[in-house]
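# Summary of the model geometry
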Amino acid sequence: MEKKLNVLLSDLIVFYHKLQNFHWYVSGLNFFQVHGQLEEMYNGILPQIDSIGELILMINGKPVSNMKQFLENAEIEESEGEFQNDVKKIFEVLKEDYKHLLNKAEEIKADADDKNDYLVSANMDELIGSYSKVIWMISQASK
């Protein structure tokens, strides 16, 4: 369980910085709307990072805690530091990343349920709800 939680933690760290990267480098006619939305997204990920790190400690594990470890463990890829005015592409990438996070949370929840680990399971329920909502919202915006 600790290993899977550390992968999720690492994914969240990389994803947080990816969101910031898009936030800083978005351009075009929709700049103000998208810039604000991306900030809202990365602000939503930050408490999840802390929550997962603390959850790992609560189960007597050791959270990875430096950039080298995060990059070694993460399955989400970093983004380029380039100006991006293709908003549709940005949100397609983010939707896939949120789907990845959702799948990770569901996988960890299934493992926790098998072990009657209610603490981990309950934490994953919160993430599953959060990621499902963002995926739905991005899907609605791209219709």
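Residues numbered from 1 in each chain as written. Predicted model: local features only at pLDDT ≥ 70, side-chain atom pairs only at ≥ 80, totals over all residues. Heavy atoms only, no water.

Named according to an unreviewed UniProt entry, the protein is Metalloregulation DNA-binding stress protein originating from Peptoniphilus indolicus. Looking at the Sequence similarities (unreviewed entry) heading of the UniProt record, one finds this comment for the protein: "Belongs to the Dps family." (UniProt positions renumbered as here; feature names shortened; annotations may be inferred.)

Turning our attention to the nonpolar core. Ranked by size, the top nonpolar core spans 42 residues in total, and within it Leu38, Leu94, Tyr98 and Met124 carry the most contacts. Those elements that place two or more of their residues in this core are helix H1 (2-25), helix H2 (31-58), helix H4 (87-114) and helix H5 (118-141). Filtering out sequence-adjacent residues up to four positions away, Leu94 remains in contact with Phe15, Leu19, Phe22, Leu38, Met41 and Ile138. (Core = buried A, V, L, I, M, F, W, Y, C linked by side-chain atoms within 4.5 Å. Buried < 20%, exposed > 50% of the residue type's maximum accessible area, 1.4 Å probe, protein only. Helix = DSSP H or I, 4+ residues; strand = E, 2+ residues; numbered from the N terminus. Contact = heavy atoms within 4.5 Å.)

The terminal C-alpha atoms of H2 lie 41 Å apart, and with 28 residues this matches the ideal 40 Å at 1.5 Å per residue to within 8%. Looking only at H2, the buried set comprises Val34, Leu38, Met41, Tyr42, Ile45, Gln48, Ile49, Ile52, Gly53, Leu55 and Ile56. If you follow the buried residues of H2, they end up packed against H1, H4 and H5. A positive backbone phi angle near 65° is found at Asn60, which sits one or two residues after H2. (Expected span 1.5 Å × (residues − 1).)

Within the secondary structure, Gln33 sits in helix H2. When the C-alpha atoms of Gln33 and Lys18 are compared, they prove to be 18 Å apart, with 15 residues separating the residues in sequence.

Locating Lys4 in the fold gives a position in helix H1. Between the C-alpha atoms of Lys4 and Leu57, which are 53 residues apart in sequence, the distance is 14 Å. Once residues within four sequence positions are removed from consideration, Lys4 is found in contact with Glu107, Ile108 and Asp111.

Moving on, we come to the packing of aromatic side chains. Taken as a whole and assessed by the stated rule, the structure comprises 5 aromatic pairs. Three or more aromatic residues joined by ring pairs make a cluster, and in this case those are Phe15, Tyr98 and Tyr131. (Phe/Tyr/Trp six-rings, centres within 6.5 Å; stacked < 30°, edge-to-face > 60°.)

Attention now goes to the pattern of salt bridges. What the rule picks out here adds up to 7 salt bridges. Between Asp111 and Lys4 there is a salt bridge; the shortest N-O distance is 2.4 Å. Placement of Asp111 in helix H4 and of Lys4 in helix H1 is noted, with a sequence separation of 107 residues between them. We classify Lys4 as partly exposed; its relative accessible area is 30%. Measuring nitrogen to oxygen at the nearest pair gives 2.7 Å for the salt bridge that ties Lys18 to Asp97. With a gap of 79 residues between them, Lys18 in helix H1 and Asp97 in helix H4 connect regions that are remote in the sequence. Residue Lys18 is classed as buried on the basis of its relative accessible area, which comes to 6%. Residue classification places Asp97 among the buried residues on the basis of a relative accessible area of 10%. One salt-bridge network, held together by shared partners, links Lys4, Glu107 and Asp111. (Salt bridge = Lys/Arg side-chain N within 4 Å of Asp/Glu carboxyl O.)

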